[in-house]
Amino acid sequence: MITGKQKALSEVAQMATSYKRVLVLGCGTCTTICFAGGQKEAAEMASSLRLLGQNEKRQQVFSEHTVRRQCEWEYLDEIAPLLKETDAIVSLSCGVGAQALAERFPEIPVLPGLDTCFMGLPQEPGVWIERCLACGDCIIDTTAGICPITRCAKGLLNGPCGGSVDGQCEISADIPCAWQLIHDRLASQGLLSRLDELPPLRDWSTSHSGGPRRIVRQDLKVKKAP
Amino acid sequence: VATIVSTSRCATCLTCLRLCPYGAPRLNNQGEVVIAEASCIACGLCASECPASVIEFKQPGPDSLEADIQQALSQPSDEEGPILGLLCHHATLASLKEIDDRQVKIVKIPCVSYISVNHLLQAFELGAKGVFVAACTDDGCRYRDAVYWAGLKVNRARRLLGQVGLEEWRLQLYQLTPADSREFYKMLYDFGDRLGANPVKARGEN
């Protein structure tokens, strides 16, 4: 899933300060399940902004609504009637949803209510960890199901480096060395000899360095009338 | 008793499955969350923690608490705003007749698990000048984990109150021994004093 963290209330209030009617828009998918921008968080933020406004005697109106996914045009269209009475939207979706919103309703300023963090998983309730950088060329078949590009701080393809101490990465005692993990799991699978193989030079053009990426599937395109 | 999940709106975050102290939510063969009635004692914890609010009670449950708070705070009260008390049914046996209902509005709930952060913020928005949550003691609580979760929610709401410029102490979580009425009234006096309210009728008339 995509994870995010709500911005500080003061930052959101500052962004919204010049708008009279502000809609806090939650997203019912990724940011709901990471507890950053679902309907409850949208209600919490709108409520907090109203309380702050009362306290600072501001003449602003904050309302809230949540759509199923902000990264789908059809789900965004349902808010069109609300926008007649909206001067700005605080989006509680990831950057994808927030940008979709801004593209669908270009006349309305969109303000990010949260920071999109990473693609990861809940390690336990309340703890999310990063697992994939979307490099576009997955190699975890050779690394025991562990992505060194994401989980090694240096993104090394030939680790571990000298910063690996007692199985931990030198950047933090909380972060295991990805290459130690790879080594240990390959050993437990009896596949340690995999590390003797020389991988071919990596083609990084599939990653973000080539600019924004896109996927085009001709077999899925809906035929539209000209 | 028991709860159901509205599967069409469920975001399948699996929170209920992970936090239920009774193991009542399970995954069916379609990967949907279902709540096993036989295991569910309707403590309300999953419903108040569900980020998509899709867990429904078969009898009035946490989803009616918002309306109860609205109702309580819409009654005539002192100019400066009343105190709202969210009181677990089991937390005290004290009579509430002495409470000055212009100063203190009490909403009784079957368990503090019913509460969510939004209820607490809502109370301040509706004009409460202070809110207390009265729970059982850890040993006295008849449900599992309820007080722990209530503490987390109260702390989160307090942080938010701080961010909007309200003093965090205006929201309190108390744990009470049911048989000790003096304890309940002492809590009420102390909180009322701090907020500048006369929580008890007899005192107000003096």
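Shown above is the structure to which this text applies.
Presented here is an overview of the structure given in this document. It should be emphasised that the depicted structure is a prediction, and the values quoted were computed from it without experimental measurement.

This paragraph deals with the interface of chain B and chain A. Taken together, the contact pairs 25 residues of chain B with 20 residues of chain A. The contact between chain B and chain A buries some 1,900 Å² in all, and 51% of this surface belongs to carbon and sulfur atoms. Counting the surface chain B buries against chain A, the share from its top three residues, Pro51, Glu125 and Val164 of chain B, is 33%. One salt bridge in this structure joins glutamate 44 of chain A and arginine 156 of chain B, with 2.4 Å as the shortest N-O distance. Here chain B and chain A share 12 residue pairs in polar contact (both at pLDDT 80 or more) between them. Among the secondary structure elements, those contributing two or more residues to the side of chain B that touches chain A are helix 1 (15-19), helix 2 (45-49), helix 4 (117-125) and helix 5 (146-163) of chain B.

Further remarks concern the sheet that holds strand 7 (residues 130-136) of chain B. Residue and element names in this part refer to chain B. The parallel open sheet is built from four strands, whose spatial order is 6-5-7-8. On the outer flanks of this sheet lie strand 6 (104-109) and strand 8 (171-176), each paired with one strand and no other. When the angles between neighbouring strand axes are averaged without regard to direction, this sheet yields 20°. Across six bridges, strand 5 (residues 83-88) lies against strand 6 in parallel orientation. Paired with leucine 87 across the two strands is lysine 108, which belongs to strand 6. Each of strand 7 and strand 8 is contacted by helix 5, which is oriented at about 160° to strand 8, the strand it contacts most.

All names here are of chain B. Two numbers describe how helix 4 lies on helix 5: the axes approach to 9 Å, and their chain directions differ by 40°. Considered as vectors, helix 4 and helix 5 are oriented oblique to each other. In this structure, helix 4 crosses over helix 5, and the sense of that crossing is right-handed. Residues Val117, Leu120, Leu121 and Phe124 of helix 4 form the contact with helix 5, whose own contacting residues are Lys153, Val154, Arg156, Ala157, Leu160 and Leu161.

With that settled, consider the sheet that holds strand 6 (residues 114-124) of chain A. Residues and elements named next belong to chain A. An order of 1-6-7 is seen for the three strands of this open sheet, with the pairing classed as antiparallel. Each end of this open sheet is capped by a strand with a single partner; those strands are strand 1 (2-6) and strand 7 (127-132). Direction aside, the axes of adjacent strands within the sheet are offset by 70° on average. Where strand 1 and strand 6 come together, five bridges link them in antiparallel fashion. From the neighbouring strand, threonine 3 faces strand 6, where its bridge partner is phenylalanine 118.

Take the pattern of salt bridges next. A side chain of one charge can pair with a side chain of the opposite charge when the charged atoms of the two come close. All names here are of chain A. This structure, assessed with the given rule, holds 18 salt bridges over all chains. Where arginine 217 meets aspartate 219, a salt bridge forms, and the shortest distance between an N and an O atom there is 2.7 Å. The class for arginine 217 is partly exposed, based on a relative accessible area of 44%. Within this structure, Lys7, Glu11 and Asp115 form a network of salt bridges that share partners.

Attention now moves to helix 4 of chain B. Among the nine residues in helix 4 of chain B, eight count as buried, and that is most of the element. For helix 4 of chain B, the set of buried residues is Val117, Asn118, His119, Leu120, Leu121, Gln122, Ala123 and Phe124 of chain B. Buried residues in helix 4 of chain B make contact with helix 3 (39-55) of chain A together with helix 3 (65-74), strand 5, strand 7, helix 5 and strand 8 of chain B. Glycine 127 of chain B occupies a position one or two residues after helix 4 of chain B and carries a positive phi of about 105°.

Parameters at a glance
- Residues numbered from 1 in each chain as written.
- Chains lettered and ligands numbered in written order.
- Predicted model: local features only at pLDDT ≥ 70, side-chain atom pairs only at ≥ 80, totals over all residues.
- Heavy atoms only, no water.
- Contact = heavy atoms within 4.5 Å.
- Buried area = accessible area lost by both parts, 1.4 Å probe.
- Salt bridge = Lys/Arg side-chain N within 4 Å of Asp/Glu carboxyl O.
- Polar contact = N/O pair within 3.5 Å; in protein donor to acceptor, adjacent residues only side chain to side chain.
- Helix = DSSP H or I, 4+ residues; strand = E, 2+ residues; numbered from the N terminus.
- Pairing = 2+ DSSP bridges.
- Axes fitted to C-alpha atoms, helices over the stretch in contact; angles between N-to-C directions.
- Parallel < 35°, antiparallel > 145°, perpendicular 65-115°, else oblique.
- Left-handed = near helix turned anticlockwise from the far one by under 90°.
- Buried < 20%, exposed > 50% of the residue type's maximum accessible area, 1.4 Å probe, protein only.

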